[in-house]
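Below, each chain spelled out in residue letters.
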Amino acid sequence: NQSFPWGNEEYTDSESPRKMNIWEGDSMKKKANRLLDGYLGLAPAVAYDPNAYGVFNMVGNVWEWVAGTVPLQPGQRPATDQPPLKVLRGGSFVDTVHGRFNHAVRVSTRQTNSADSAASNIGFRCCCGVVEKEEDDVGEQQPQQRRRRTVWEEQDQEF
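Report on the accompanying structure.

**Notes on the overall build of the protein**
Then, in step 1: The secondary structure content of the protein amounts to 0 helices and 6 strands.
Then, in step 2: Taking all 159 residues of the protein together, 32% fall into the buried category.
Then, in step 3: Taking contacts inside the protein between residues at least 6 apart in sequence as the whole, the part at least 24 apart equals 50%.
Then, in step 4: Here the protein displays about 10,500 Å² of accessible surface, and carbon together with sulfur accounts for 49% of that area.

See below:
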């Protein structure tokens, strides 16, 4: 359980190069963001180094929709007049590293939003498994039945 994709070492204003796109300022006024990461809003997906799995932007930039909905409490009935609440993870460019403004940007940070909501700081990640091929004794490539899990396997989940 790590706080950040690169481990548990704290993220500071002196980080160079920057590791994520977050709000870096003393207030939420537009001109208060010091732009130390180079972006006022969204950053390109490959703007920062990937994690050890080769995946970019696991925290910051945009909240990521993940599979599933918020579970109901025991005895609670689903609202029929409202869309279900979806889970978002990781924080975005309007969140701060310590949560002084909005949310703390961490791998474990979660919040919810309704399934019919949209915002410039919400996105999703597409991912899939990888099928590896190995050569048999006569030099022909054979697909392997095992799959390497690259990040997580949510492509079959309904959003």
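**A closer look at the side chain of Asp 95**
Then, in step 1: Considering the arrangement of structural elements, one finds Asp 95 in the loop between strand S2 (85-89) and strand S3 (110-114).
Then, in step 2: Of the side chains with opposite charge, Arg 106 comes closest to the buried, unpaired Asp 95, at an N-O distance of 11 Å.
Then, in step 3: A polar atom in the side chain of Asp 95 sits 3.0 Å from the backbone nitrogen of His 103.
Then, in step 4: Apart from the residues within four sequence positions on either side, Asp 95 is in contact with Ile 22, Trp 23, Trp 63, Phe 101, Asn 102, His 103 and Val 105.

**A word on the pattern of salt bridges**
Where side chains of opposite charge bring their charged atoms close, a pairing between them can arise.
Then, in step 1: The final tally for this structure, using the stated rule, is 5 salt bridges.
Then, in step 2: In this structure, Glu 9 and Lys 19 form a salt bridge, with 3.3 Å as the shortest nitrogen-oxygen distance. In this pair, Glu 9 is assigned in the segment before strand S1 (63-69) and Lys 19 in the segment before S1, connecting sequence segments 10 residues apart.
Then, in step 3: Glu 9 sits in the partly exposed class, given a relative accessible area of 47%.

**Re the pairing of S1**
Then, in step 1: Note: S1 against strand S4 (residues 122-123), 2 bridges, orientation parallel. Looking across to S4, one finds that Glu 64 is bridged to Gly 123.
Then, in step 2: As paired strands, S1 and S2 are joined by 3 bridges and run antiparallel to one another. Bridging across to S2, Glu 64 finds its partner in Arg 89.

**So, the environment of Glu 10**
Then, in step 1: Topologically, Glu 10 is positioned in the segment before S1.
Then, in step 2: Classification of Glu 10 as partly exposed rests on a relative accessible area of 42%.
Then, in step 3: For the pair Glu 10 and Val 97, spaced 87 residues apart in sequence, the C-alpha separation works out to 8.9 Å.
Then, in step 4: If we ignore the near neighbours within four places in the chain, the residues touching Glu 10 are Phe 4, Glu 15, His 98 and Arg 106.

**What to know about the nonpolar core**
Then, in step 1: Phe 4, Tyr 11, Met 20, Ile 22, Val 59, Val 97 and Val 105 form the largest nonpolar core, which has 7 residues in total.
Then, in step 2: Those residues in contact with Val 97, other than ones at most four positions away along the chain, are Phe 4, Tyr 11, Met 20, Ile 22, Ala 104, Val 105 and Arg 106.

**Section: unusual backbone geometry**
Then, in step 1: We note that Asn 57 has phi near 50°; this positive angle belongs to a residue other than glycine.
Then, in step 2: Residue class for Asn 57 comes out buried when judged on its relative accessible area of 13%.
Then, in step 3: Not every positive phi belongs to a glycine, and Asn 61 is a case in point at roughly 65°.
Then, in step 4: Along the chain, Asn 61 falls in the segment before S1.

**Some details on the sheet that holds S3**
Then, in step 1: An order of S3-S2-S1-S4 is seen for the 4 strands of this open sheet, with the pairing classed as mixed. Each end of this open sheet is capped by a strand with a single partner; those strands are S3 and S4.

Calculation criteria
- Residues numbered from 1 in each chain as written.
- Predicted model: local features only at pLDDT ≥ 70, side-chain atom pairs only at ≥ 80, totals over all residues.
- Heavy atoms only, no water.
- Helix = DSSP H or I, 4+ residues; strand = E, 2+ residues; numbered from the N terminus.
- Buried < 20%, exposed > 50% of the residue type's maximum accessible area, 1.4 Å probe, protein only.
- Contact = heavy atoms within 4.5 Å.
- Areas by Shrake-Rupley, 256 points an atom, 1.4 Å probe, with all protein chains shown as cover.
- Lys, Arg positive; Asp, Glu negative; His and termini not counted.
- Salt bridge = Lys/Arg side-chain N within 4 Å of Asp/Glu carboxyl O.
- Polar contact = N/O pair within 3.5 Å; in protein donor to acceptor, adjacent residues only side chain to side chain.
- Pairing = 2+ DSSP bridges.
- Core = buried A, V, L, I, M, F, W, Y, C linked by side-chain atoms within 4.5 Å.

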